[in-house]
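# Structure assessment
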Amino acid sequence: MSNDPTHQFLVNKIVPIEIGGIDFSFTNASLFMVATVAAGIGFLYFTTGQRGLVPSRMQSVSEMSYEFIASMLREGAGSHGMKFFPFVFSLFMFVLTANMLGMVPYFFTVTSQIIVTFALAMLVIGTVVVYGFYKHGFGFLKLFVPSGVPGMLLPLVVTIEVISFLSRPISLSIRLFANMLAGHITLKVFAGFVTSLSALGAVGVAGAILPLFMTVALTGLEFLVSFLQAYVFAVLTCMYLNDAVHPGGH
Amino acid sequence: MSVTLASAESTPFEIAQAETPATTHETPADTHAAQPAGEVHTETGVAHGEEAGSGVFPPFDQSTFASQLLWLAITFGLFYLLMSKVVIPRIGGILETRHDRIAQDLDEASRLKAEADAAIASYEQELASARTKGNAIASTARDEAKARADAERAKIEASLQDKIAGAETRIAEIKAKALADVGTIAEETTAAVVEQLIGAKVTKAEVASAVKSAAGK
């Protein structure tokens with residue numbers, strides 16, 4: 001295994017597929033997307049198999065994640081936003097499962113690819129825009145005109161609102177991508193110190209203790225970040241969906 | 001030893017076999033796209049060096065974008081479908097069943113409580129009515145007993161009255177008879193007294209008129 005910290009983000013072809021000159025190969029990234037689906041759905045499906053009135057430990061984990069997202073969406077976008085519950089719950093579970101799978105050594109982290117996080121962010125913003133126009137027509141544009149702003153400032157405020165809206169998919173995708181990428185690189189760098197220092201003999205082994213502790217501590221931190229980023233992604237999705245459901249009122 | 005040797009020999013052979021189809025697969029891709037990146041992916045060691053050499057940071061390697069987008073669409077679409085069709089109805093159903101069950105249990109509990117309250121109320125009513133009935137029975141019994149005692153007493157008193165009246169009549173009769181006898185006794189006594197005193201017989205008529213006149217005074 002190479003010691004290069006970016007090596008873990010390489011996309012390798014497993015089954016090469018090419019349609020119309022475009023490369024659609026089944027890669028290790030695709031494999032871990034499939035694994036994410038299997039793990040996410042499998043966990044939720046099999047832990048709730050008993051349908052226990054009194055939930056088992058694992059069943060209550062599934063129920064808690066369900067109720068966690070349901071209450072988040074209800075608080076964020078109101079009861080009208082609950083029609084997006086399958087979407088938000090899928091996003092949260094997909095990102096969370098992908099992040100958690102990425103924490104397993106030698107596993108590929110799906111969410112460390114900017115194109116994946118950007119696609120998910122565009123899916124969110126696309127849903128907001130399409131639903132907003134579908135539901136409110138041009139009334140959706142009231143989103144960019146906050147009420148109670150003096151006429152003089154209106155052009156400026158509207159410009160700022162439009163820019164902030166356009167930057168949402170970028171910030172949403174970069175946040176998740178950068179957190180996962182940076183965390184994995186940091187882990188790899190510190191773990192690399194351990195191996196390269198311990199190759200230097202007794203002094204090196206003694207010196208490798210500190211990066212080893214750092215690696216252990218960072219692994220814990222990374223698990224926290226994995227959950228937190230999935231949570232942040234879901235919370236922001238709820239907030240953006242609120243704009244689609246209630247464009248006028250803030 | 002020979003066994004281990006054989007297995008040691010077979011291993012590289014298998015690897016070679018495994019590698020062969022991979023390279024043949026790779027060949028058309030190379031000829032079509034003529035991308036050095038195509039070769040790069042199969043042999044990780046070299047790949048990495050060339051990748052770093054070309055200066056493309058793996059997450060920004062645009063040649064992988066199309067494939068990632070396609071597979072993300074497929075996998076996330078499948079994920080969403082399974083979520084909305086299977087998992088969410090299932091968990092939602094479990095939670096709903098639990099809510100219903102709790103509500104049902106609470107209803108049942110309040111119904112049982114109402115029943116218990118009703119039972120207590122009816123018990124107390126029964127008790128009160130029984131007490132009233134008991135009092136009524138006691139008072140009727142007392143009244144009847146009193147009435148019977150009164151009737152008995154009246155009857156006895158009446159019969160006593162009768163006996164008293166009978167006795168009084170008999171006394172009056174006896175008295176009258178005695179009084180009637182008094183004249184005769186007085187006449188006989190007078191005749192005897194006169195005979196003794198004067199030694200002469202007096203007639204019954206004389207004696208009777210004398211007694212009568214003495215009694216009349």
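Residues numbered from 1 in each chain as written. Chains lettered and ligands numbered in written order. Predicted model: local features only at pLDDT ≥ 70, side-chain atom pairs only at ≥ 80, totals over all residues. Heavy atoms only, no water.

Moving on, we get to the interface of chain A and chain B. Taken together, the 58 residues of chain A in the interface contact 42 residues of chain B. Counting each side, the surface lost to burial between chain A and chain B is near 4,600 Å², with a carbon and sulfur contribution of 75%. The three residues of chain A that bury the most area against chain B are A:Ile41, A:Leu53 and A:Ile115, which together make up 13% of that side's buried surface. Counting the contacts that link chain A with chain B gives 1 salt bridge. A salt bridge links B:Arg98 to A:Glu63; the shortest N-O distance between them is 2.9 Å. Applying the counting criterion to the chain A and chain B interface returns 10 residue pairs in polar contact (both at pLDDT 80 or more). Looking at the side of chain A that touches chain B, the elements that each hand over two or more residues are strand S3 (22–23), strand S4 (26–27), helix H1 (28–47), helix H2 (57–77), helix H3 (85–102), helix H4 (114–136) and helix H5 (154–198) of chain A. With 10 residues, H1(A) is the largest single contributor of residues to the side of chain A that touches chain B. In the side of chain A that touches chain B, the residues fall into 34 nonpolar, 17 polar and 7 charged. (Contact = heavy atoms within 4.5 Å. Buried area = accessible area lost by both parts, 1.4 Å probe. Salt bridge = Lys/Arg side-chain N within 4 Å of Asp/Glu carboxyl O. Polar contact = N/O pair within 3.5 Å; in protein donor to acceptor, adjacent residues only side chain to side chain. Helix = DSSP H or I, 4+ residues; strand = E, 2+ residues; numbered from the N terminus. Nonpolar A, V, L, I, M, F, W, Y, C, P; charged D, E, K, R; others polar.)

For the structure shown, the criterion picks out 7 salt bridges over all chains. Close ionic contact of A:Asp23 with A:Lys13 constitutes a salt bridge, the shortest N to O distance being 3.5 Å. Highlighted residues: A:Asp23 in strand S3 and A:Lys13 in strand S1 (residues 13–15), separated in sequence by 10 residues. For A:Lys13, a relative accessible area of 17% puts it in the buried group. The network of salt bridges with shared partners includes B:Glu108, B:Arg111 and B:Glu115. (Buried < 20%, exposed > 50% of the residue type's maximum accessible area, 1.4 Å probe, protein only.)

Before going further, it helps to examine the environment of A:Lys83. Residue and element names in this part refer to chain A. The residue Lys-83 is located in the loop between H2 and H3 in this model. In the structure, Lys-83 is positioned 10 residues away from Leu-73 in sequence and 9.7 Å away in space, judged by C-alpha atoms. Within the structure, Lys-83 has its side chain in polar contact with the backbone oxygen of His-80 (distance 3.1 Å).

All names here are of chain A. Overall, the coordinates contain 22 aromatic pairs over all chains when judged by the stated rule. Taken together, a centroid distance of 6.5 Å and an interplanar angle of 50° make the contact between Tyr-131 and Tyr-134 tilted. Taken together, the positions of Tyr-131 and Tyr-134, both in helix H4 and 3 residues apart, correspond to about one turn of that helix. Since its relative accessible area comes to 12%, Tyr-131 is described here as buried. (Phe/Tyr/Trp six-rings, centres within 6.5 Å; stacked < 30°, edge-to-face > 60°.)

UniProt feature "transmembrane region" (unreviewed entry): in the numbering of this structure it lies at residues 29–48, 84–108, 114–134, 143–166, 197–217 and 223–241 of chain A. Structurally, residues 143–166 of chain A is divided into 54% helix and 0% strand, and its ends, taken at the C-alpha atoms, are 13 Å apart. (UniProt positions renumbered as here; feature names shortened; annotations may be inferred.)

Let us look at the packing of H4(A) against helix H4 (residues 65–198) of chain B. Running from amino to carboxyl end, H4(A) crosses H4(B) at an angle of 50°, the nearest separation of the two axes being 9 Å. As far as their axial angle goes, H4(B) and H4(A) are oblique. As H4(A) packs across H4(B), the resulting crossing turns out to be right-handed. From H4(A), A:Ile114, A:Ile115, A:Val116, A:Ala119, A:Leu120 and A:Leu123 reach across to H4(B), where they touch B:Phe65, B:Gln68, B:Leu69, B:Leu72 and B:Phe76. Looking at side-chain class alone, the contact of H4(A) with H4(B) contains 10 nonpolar, 1 polar and no charged residues. (Axes fitted to C-alpha atoms, helices over the stretch in contact; angles between N-to-C directions. Parallel < 35°, antiparallel > 145°, perpendicular 65-115°, else oblique. Left-handed = near helix turned anticlockwise from the far one by under 90°.)

For the rest of this paragraph, the subject is the side chain of B:Ser67. Note that B:Ser67 resides in helix H4. Residue B:Ser67 is classed as buried on the basis of its relative accessible area, which comes to 1%. Not counting residues within four places of it along the chain, the set of residues in contact with B:Ser67 comprises A:Asp23, A:Phe24, A:Ser25, A:Thr27 and A:Ser30.

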